[in-house]
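# Structural characterization, general
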2 protein chains.
Amino acid sequence: MMKQIRLAGRGGQGQILAGIVLAEAAVAFDGLHATQSQSYGPESRGGASRAEVVISDSPVDYPKVTEADCLLCMSQEAYDTYRKEVTDDGLVLVDSTFVEPDVEDEGVIQEPITSVAENELGRAIVANMVALGILVQLTEVVSVEAARQAIVHRVPSGTEELNVRAFEKGLSMGEKTQ
Amino acid sequence: MMKQIRLAGRGGQGQILAGIVLAEAAVAFDGLHATQSQSYGPESRGGASRAEVVISDSPVDYPKVTEADCLLCMSQEAYDTYRKEVTDDGLVLVDSTFVEPDVEDEGVIQEPITSVAENELGRAIVANMVALGILVQLTEVVSVEAARQAIVHRVPSGTEELNVRAFEKGLSMGEKTQ
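What you see is a predicted model, and the numbers here were worked out from it, not measured in a lab. (Residues numbered from 1 in each chain as written. Chains lettered and ligands numbered in written order. Predicted model: local features only at pLDDT ≥ 70, side-chain atom pairs only at ≥ 80, totals over all residues.)

As a further point, take the sheet that holds strand β1 (residues 2-10) of chain A. Within a sheet, neighbouring strands are paired by backbone hydrogen bonds and run either parallel or antiparallel to one another. Spatially, β6(A)-β5(A)-β4(A)-β1(A)-β3(A)-β2(A)-β2(B)-β3(B)-β1(B)-β4(B)-β5(B)-β6(B) is the arrangement adopted by the 12 strands of the open sheet, whose pairing is mixed. Lying at the two open borders of the sheet, with one neighbouring strand each, are β6 (108-111) of chain A together with β6 (108-111) of chain B. Along the sheet, successive strands turn relative to each other by an average axial angle of 15°, direction set aside. Examined bridge by bridge, strand β5 (residues 86-95) of chain B and β6 of chain B share four bridges and lie parallel to one another. From the neighbouring strand, Val94 of chain B faces β6 of chain B, where its bridge partner is Gln110 of chain B. Contacts from helix α1 (residues 15-29) of chain A reach β1, β2 (33-40) and β3 (48-56) of chain A together with β2 (33-40) of chain B, with the element oriented near 5° to β3 of chain A. (Pairing = 2+ DSSP bridges. Helix = DSSP H or I, 4+ residues; strand = E, 2+ residues; numbered from the N terminus. Axes fitted to C-alpha atoms, helices over the stretch in contact; angles between N-to-C directions. Contact = placed C-beta atoms within 7 Å.)

With that settled, the discussion passes to the relation of the copies chain B and chain A. Its rotation angle being 180°, the transformation that places chain B on chain A also includes 0.0 Å of axial translation and leaves an RMSD of 0.0 Å. The relationship between the two copies is best expressed as a two-fold rotation axis. In terms of C-alpha distance to the rotation axis, chain B has Ser37 of chain B as its closest residue, with the C-alpha 2.0 Å off the axis. Take the interface residues of chain B: 100% of them recur as interface residues in chain A, which is what a same-surface contact looks like. (Least-squares fit on C-alpha atoms with pLDDT ≥ 70 in both.)

For the rest of this paragraph, the subject is the interface of chain B and chain A. The partner chain A presents 22 residues to the 22 residues of chain B that form the contact. For the side of chain B that touches chain A, the secondary structure elements donating two or more residues are α1 (15-29), β2 and α2 (42-45) of chain B. For the side of chain B that touches chain A, the element with the most residues is β2 of chain B, which contributes eight residues. In the side of chain B that touches chain A, the residues fall into 11 nonpolar, eight polar and three charged. In the sheet, β2 of chain A pairs with β2 of chain B via seven bridges, with the strands oriented antiparallel. Of the residues in β2 of chain B, the one forming a bridge with Tyr40 of chain A is Ala34 of chain B. (Nonpolar A, V, L, I, M, F, W, Y, C, P; charged D, E, K, R; others polar.)

This is a description of form; function is not addressed.
Written out as structure tokens, the structure is:
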């Protein structure tokens, strides 16, 4: 078992934290192996941000995602750049607040992630946890309970409850698309 | 120019955040390229934690550290595991609060990083920023100003001033060892 996950968008949307939570959930609570990485370059000076997680049941040698089993796009640029690098049966989730997929791209799950975070949870900043909830619900790459514990462990002290609520909102959004 | 940096210790000591700050400083403020990664496995279930950063003036293809130009050890286990994987003229910094280097290991810089964080800054949790200050002072892998800006950008809101003070304490500790 090996799953490659790419979380892409703009800086400030919390992809890195979401990636760390996924990796920690896989290892600390689900007993798997994981690597988590980001590459930064001139492109990220324009605001692009990308976190990658590789989860496996055996040690992970190469920490870089080659072809994603799961892609989250929280900006149009992320979608335009990474949509092609997904396995045939891979999951593509886009934040429809910012992304309009190609009309012929039928395999895409569209959810108003940031709008929901802003309007229903009161904080756009927890969009990453809403996205994580949808991903965990749809891919089961880590268990719900593992993700919840990793969130509590890793988010800034005092924001645990808000972040868990955002994650749970994502779980129920993911459930509805199934 | 390429610099490989490994920050190792136990979970909760903030190596990941320190790595993210270094990578962001290199890219956003110093115009370099960087990757930042963590590998998690069964060993990390025992509490070991390791963040790796590769900084370069050209795109970084392989995000994993092979031989460190700079190694930070905040636990004895980290020292025992990674001391050998350092370049001949590489920098080894250990937190003497937790690490006792081999007697014949002369190339090691020992600083009571966590004790200083706890006793002089009031919070052991900012030991990572003290360590970062020493590293930046001794290696100049990123500029002081770039690191300071990345800290303010990346640490939890409300803790900026404490973290910057910890970083500056590290700078002056680094200065004294030179």
